[in-house]
Amino acid sequence: MPESKQTPKGNEEQVAKEASIPVDIKPLFVATQGQQIFGCVADEDVTSDNPYKLILKEQILQDFLNRAGVSDFKEAKAAINSYPGEELLLVYDYDFKYGQNFYLCLTEEAKERILHPAVDEDGEGEGEGEEGQKEDEEHVEIPVTPEPKEWISQQSDVEIKEAMVENSRPLLKFVVTRKRQLFGAAYEFSDCSANSSKDMYIDIASQDLNVDDETDIQRMEMEVAVQAIPELADACCQTEWKKPVNAAVQYEPQMMSEEEAASIMKSDGVVDFFRSACPRVELSLQQNEIMDVFVDDYKVLSDTDGIVADKSDSSLKEYQSFTDLKFSKDRPITWIDWHPVQKGIVAVSCVHNYDCDERIELYSKLILEHSLILIWSFVDPIHPQLFLEAPDDVACFRYNPTKPSIIAGGCMNGQIIIWDISAYEEQFMSNRGPSLSDNKGPAANLAVFETDPKLDHAPIVRHTAISSIEFGHKKSVSDMHWIPSHIEVCSKTFQIYSNPTHVCNQLITCSIDGSVLIWDTRPMKPTAGVMVLQQIDPVTSFQHLDLTWKPFLKVSFPRSDNPGDFAATRVSIQESQPVLTNITGSSDKTSVDTTRELLEGKTTHFYIGTEDGEVVYCDWKPVKDHESGKLTCACICVYSRNTLFCVLLGCCIFLLQ
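Conventions we followed
Residues numbered from 1 in each chain as written. Predicted model: local features only at pLDDT ≥ 70, side-chain atom pairs only at ≥ 80, totals over all residues. Heavy atoms only, no water. Helix = DSSP H or I, 4+ residues; strand = E, 2+ residues; numbered from the N terminus. Buried < 20%, exposed > 50% of the residue type's maximum accessible area, 1.4 Å probe, protein only. Contact = heavy atoms within 4.5 Å. Areas by Shrake-Rupley, 256 points an atom, 1.4 Å probe, with all protein chains shown as cover. Pairing = 2+ DSSP bridges. Salt bridge = Lys/Arg side-chain N within 4 Å of Asp/Glu carboxyl O. Core = buried A, V, L, I, M, F, W, Y, C linked by side-chain atoms within 4.5 Å. Patch = residues over 30% accessible without salt bridge, like charges linked within 9 Å, V, L, I, M, F, W, Y side chains within 5 Å. Lys, Arg positive; Asp, Glu negative; His and termini not counted. Charge placed at Lys NZ, Arg CZ, Asp CG, Glu CD. Phe/Tyr/Trp six-rings, centres within 6.5 Å; stacked < 30°, edge-to-face > 60°. Lys NZ or Arg CZ within 6 Å of the ring centre and 35° of its normal. pLDDT = per-residue confidence, 0-100. Polar contact = N/O pair within 3.5 Å; in protein donor to acceptor, adjacent residues only side chain to side chain. Axes fitted to C-alpha atoms, helices over the stretch in contact; angles between N-to-C directions. Disulfide = S-S within 2.5 Å. Expected span 1.5 Å × (residues − 1).

Asker: Explain the overall build of the protein here, please?
Answerer: Regarding its fold elements, the protein presents 14 helices and 25 strands. Sorting the 657 residues of the protein into buried and exposed places 28% on the buried side. Put simply, of all contacts in the protein between residues at least 6 apart along the chain, 65% involve residues at least 24 apart. Carbon together with sulfur atoms contributes 54% to the accessible area of the protein, which is approximately 48600 Å² in total.

Below you can see the structure in the form of structure tokens.
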């Protein structure tokens, strides 16, 4: 074939070209991306007439850092590093004189030789240039003005004359004069009646035109052209083309004999090609395995890259994490509360990670799977110390400040739960975690409480009492607090009295159903104004409340401007729990007489926060409505978002002053 016969000849020419390349010239193949980076795009920035491009040495060294082995100047890296000048000359090889599309001058002498070619000693180059310049000057054509020709009318001048406007009368001239002394004089205006002078106005009476009137209104004639054309409209039509057509055509390949293929593969040109191409291919494959050449370096830069000074770390660092693979993994935490006495003890409530629709579908399954509160210790962050079981997911809970063994919680179904862990309180307070001397195997690393050797986790404590669904919240409990130990709310008058026992026995809870409830954990037996507190076994101390517990005060917050209630998410009272020096798990007194006193300075007002970002100031003491005659709780004030912003702004201005 013709191609096979021309191949050896082309290889000989290639070898001859490589032999004729000067030492200070380096042929390079610059890809399209490299041409765009250095501003030497072929046939645009550099052409056959102007093939020169000066590139800063610093720019090429920066390209080595950015693109590393992918840089087009990698083959001449050593020569570029040792180059003495600041600019290197890159020449566009339009005719592929040295076998590549560009070649680089490696020395200053080569750059001067390319930019300023030497002239022969005999002056032939200079003479030839002068003769060529003279010949160019002789062949320059001088423009000559064409000779004028006689104008021949095509009747267009007649139309021009007809369209011209000619004067039918001489032009009128008006002369306006004024006395010299009146120039620049001030104007004086005065009021004048129209009846005082007849020259002031002209009265033109209206004329009634009747049908019989033969008044002829002359109209000027004008020429108007009218063209009647059909109405045009844009329309399109799409027809289904089902005629089969050939989408691709495969021609018969050109085959060669085995002898011709073997002779070509054994030729020197093919061998030289593989010798020069194989190292490049291997290098490219290695680079692809080592690094991603298409990654954007600017996107993967962090905030601290390129900054000399270190930035101060303002983020929170993790101190310790608590995770149980069976009971708390992949479950959101709804509430956290610290033990009021024991340091390093924290309780968390974990709920199932389901939305509303999934909870409805899996309702039968969730009834069987009880929710848990996990009590952790910093001594053992791997195993929970105790589990508190609840019939539904716990949204919030609180330790009793005066009786840490009593824990109250609110469920998502609106019920209030009480746990009593007094049976584990002594072990819980005394045990500080497993010691190294007691390590006798894997069983020593289990939870602190090992009531059953068959269990691989801490004991699960079932709730002691749970409120009635009928009298509780209708939606999820969002917040709850123990009434401080030095006060209590009267169940009859709803006023604040002193608490002689200094034990927290009352709860205040809120829910998104728009209600706030106040509960009492004591079995009230009023006899002649005396409230008796019975001392019962800790396990059964609250069983009198199980499924019958209901609040003694319910406060609702209907909106006055819109229908519905305020969806309370947080509740806060003005009184706070005082710091107690001596906290015991249970009271030694079996009965308390009525030494309570009415506290006049204590207010029954409290705050609630809603889902809409509002703060409502309320009073739980019922007031008789004048219209309906019913006892209702009034909302004293509602603070919206704008009102809260103004209040905070006023506080800031007051503090600055």
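Asker: Honestly, the pairing of strand E8 (residues 386-390) in this entry has me stumped. Any pointers?
Answerer: On any regular strand, side chains alternate: one points to one face of the sheet, the next to the other face. A large share of E8 lies buried, amounting to 5 of its 5 residues. Residues Leu-386, Leu-388 and Ala-390 line one face of E8 and the alternating positions Phe-387 and Glu-389 line the opposite face, and both faces are buried. Examined bridge by bridge, strand E7 (residues 371-377) and E8 share 5 bridges and lie antiparallel to one another. What sits directly across from Ile-375, in E8, is Leu-386. Sheet analysis places E8 next to strand E12 (residues 460-461), joined by 2 bridges and oriented parallel. Within E12, the position partnered with Phe-387 by the bridge is Ile-460.

Asker: Help me out: how do you make sense of the sheet that holds strand E13 (residues 465-466) in this one?
Answerer: Two orientations exist for strands paired in a sheet by backbone hydrogen bonds: parallel and antiparallel. The antiparallel open sheet is built from 4 strands, whose spatial order is E9-E10-E11-E13. Among the strands making up the open sheet, the edge pair consists of strand E9 (394-399) and E13. Relative to strand E11 (residues 416-420), strand E10 (residues 406-411) runs antiparallel, the two sharing 5 bridges. Each residue of the ladder has a partner; that of Gly-410, found in E11, is Ile-416.

Asker: Got a minute to help me understand the pattern of salt bridges in this structure?
Answerer: Two side chains that carry opposite charge are able to pair once their charged atoms sit near each other. Summed over all chains, the structure comprises 9 salt bridges. Here Asp-72 makes a salt bridge to Arg-67, at a shortest N to O gap of 3.4 Å. Among the residues examined, Asp-72 registers a relative accessible area of 12% and is labelled buried. Lys-602 is the partner of Glu-575 in a salt bridge, and the nearest nitrogen-oxygen pair spans 3.2 Å. In this pair, Glu-575 sits in the loop between strand E20 (568-573) and strand E21 (605-610) while Lys-602 sits in the loop between E20 and E21, placing the two residues 27 residues apart along the sequence. A residue is classified by how much of its surface remains accessible, and Lys-602, at 30% relative accessible area, is partly exposed.

Asker: Would you take a moment to explain the nonpolar core for this structure?
Answerer: Proteins that are soluble and globular tend to have nonpolar side chains buried together. Leu-388, Trp-419 and Leu-507 are the most contacted members of the largest nonpolar core, which has 35 residues in total. Those residues in contact with Leu-388, other than ones at most four positions away along the chain, are Ser-371, Leu-372, Ile-373, Ile-375, Ile-407, Trp-419, Ile-421 and Val-461.

Asker: Would you mind showing me how to read a negative patch on the surface here?
Answerer: Residues Asp-355, Asp-357, Glu-358 and Glu-361 make up a contiguous surface patch of negative charge. Structurally, Glu-358 can be placed in helix H11 (residues 356-361).

Asker: Is there a simple way to explain the packing of aromatic side chains in this structure?
Answerer: For any two aromatic rings, the description comes down to two numbers: the centre-to-centre distance and the angle of the planes. Here the structure, examined in full by the defined rule, presents 12 aromatic pairs. Aromatic side chains Trp-338 and Phe-378 sit 5.9 Å apart centroid to centroid with 15° between the ring planes, which places their arrangement in the stacked category. Within this pair, whereas Trp-338 is found in strand E5 (residues 333-338), its partner Phe-378 is found in the loop between E7 and E8, the two being separated by 40 residues in sequence. A connected cluster of aromatic rings, assembled from ring pairs, spans Phe-322, Trp-338, Trp-376 and Phe-378. Sitting over the ring of Phe-64, Lys-77 keeps its end group 5.6 Å from the ring centre. When the ring centre of Phe-471 is taken as reference, the NZ or CZ atom of Lys-550 above it lies at 4.9 Å.

Asker: In this structure, what is going on with the confidence of the model for the protein? I would like to understand it.
Answerer: One rule of thumb: low pLDDT means the predicted coordinates there are not for detailed reading. Here the protein averages 76 in pLDDT, and 74% of its residues register 70 or above. The low-confidence segment residues 121-130, where pLDDT is below 50, has 1 contact with residues more than four positions distant or belonging to other chains. Contacts from residues 644-657, a stretch scored under 50 in pLDDT, to residues over four places away or in other chains number 3 contacts.

Asker: Explain the side chain of Thr-402 here, please?
Answerer: Mapping Thr-402 onto the fold places it in the loop between E9 and E10. At a separation of 3.0 Å, a polar atom in the side chain of Thr-402 contacts the side chain of Asn-400. A distance of 3.0 Å separates the side chain of Thr-402 from the backbone nitrogen of Cys-504, its partner in a polar contact.

Asker: Sorry if this is basic, but what is going on with the sheet that holds strand E1 (residues 25-28) here?
Answerer: Strands sit in the order E1-E4-E3-E2 across an open sheet of 4 strands; the sheet is antiparallel. The open sheet is flanked by E1 and strand E2 (52-56), the only strands paired with a single partner. Sheet twist, expressed as the average angle between the axes of neighbouring strands with direction ignored, equals 30°. Note: E2 against strand E3 (residues 87-92), 5 bridges, orientation antiparallel. Bridge pairing in E3 links Lys-53 to Leu-90. Sheet contacts for helix H5 (residues 108-115): E1, E2, E3 and strand E4 (102-105); angle to E3, the most-contacted strand, approximately 45°.

Asker: What should I look at first to understand the state of the cysteines in this one?
Answerer: Disulfide: a covalent bond formed between the sulfur atoms of two cysteine residues. Inspection of every chain in the model, using the stated rule, returns 0 disulfides. Note on Cys-510: no disulfide assigned, nearest cysteine sulfur contributed by Cys-396 at a separation of 7.4 Å. On the accessibility criterion, Cys-510 (0% relative accessible area) is buried.

Asker: What exactly am I supposed to notice about the pairing of E7 here?
Answerer: Of all 7 residues making up E7, 7 are buried, and the element is well covered by its neighbours. Residues Ser-371, Ile-373, Ile-375 and Ser-377 line one face of E7 and the alternating positions Leu-372, Leu-374 and Trp-376 line the opposite face, and both faces are buried.

Asker: Could you clarify how one ought to interpret a nonpolar patch on the surface in this entry?
Answerer: Taken together, the side chains of Val-70, Ile-290, Met-291, Val-293 and Phe-294 define a hydrophobic patch exposed on the protein surface, amounting to about 530 Å² of accessible area. Among the secondary structure elements, Val-293 is positioned in the loop between helix H9 (268-290) and helix H10 (297-300).

Asker: So what exactly am I meant to see when it comes to the environment of Pro-332 here?
Answerer: Following the sequence through the fold, Pro-332 ends up in the loop between H10 and E5. As a C-alpha pair, Pro-332 and His-352 span 20 residues in sequence and 7.2 Å in three-dimensional space.

Asker: Before we go on, may I ask you to explain H9 in this structure?
Answerer: Since the α-helix packs 3.6 residues into each turn, any two residues three or four apart lie on the same face. Under the 1.5 Å per step criterion, the end-to-end length of H9 is 34 Å for 23 residues, consistent within 8% with the ideal 33 Å. Considered for burial, the residues of H9 that qualify are Gly-269, Val-270, Ala-277 and Gln-287.

Asker: Help me understand unusual backbone geometry, please; the structure alone is not making it clear to me.
Answerer: Not every positive phi belongs to a glycine, and Asp-330 is a case in point at roughly 60°. Among the structural elements, Asp-330 can be located in the loop between H10 and E5. The exposure class of Asp-330 is exposed, given its relative accessible area of 64%.

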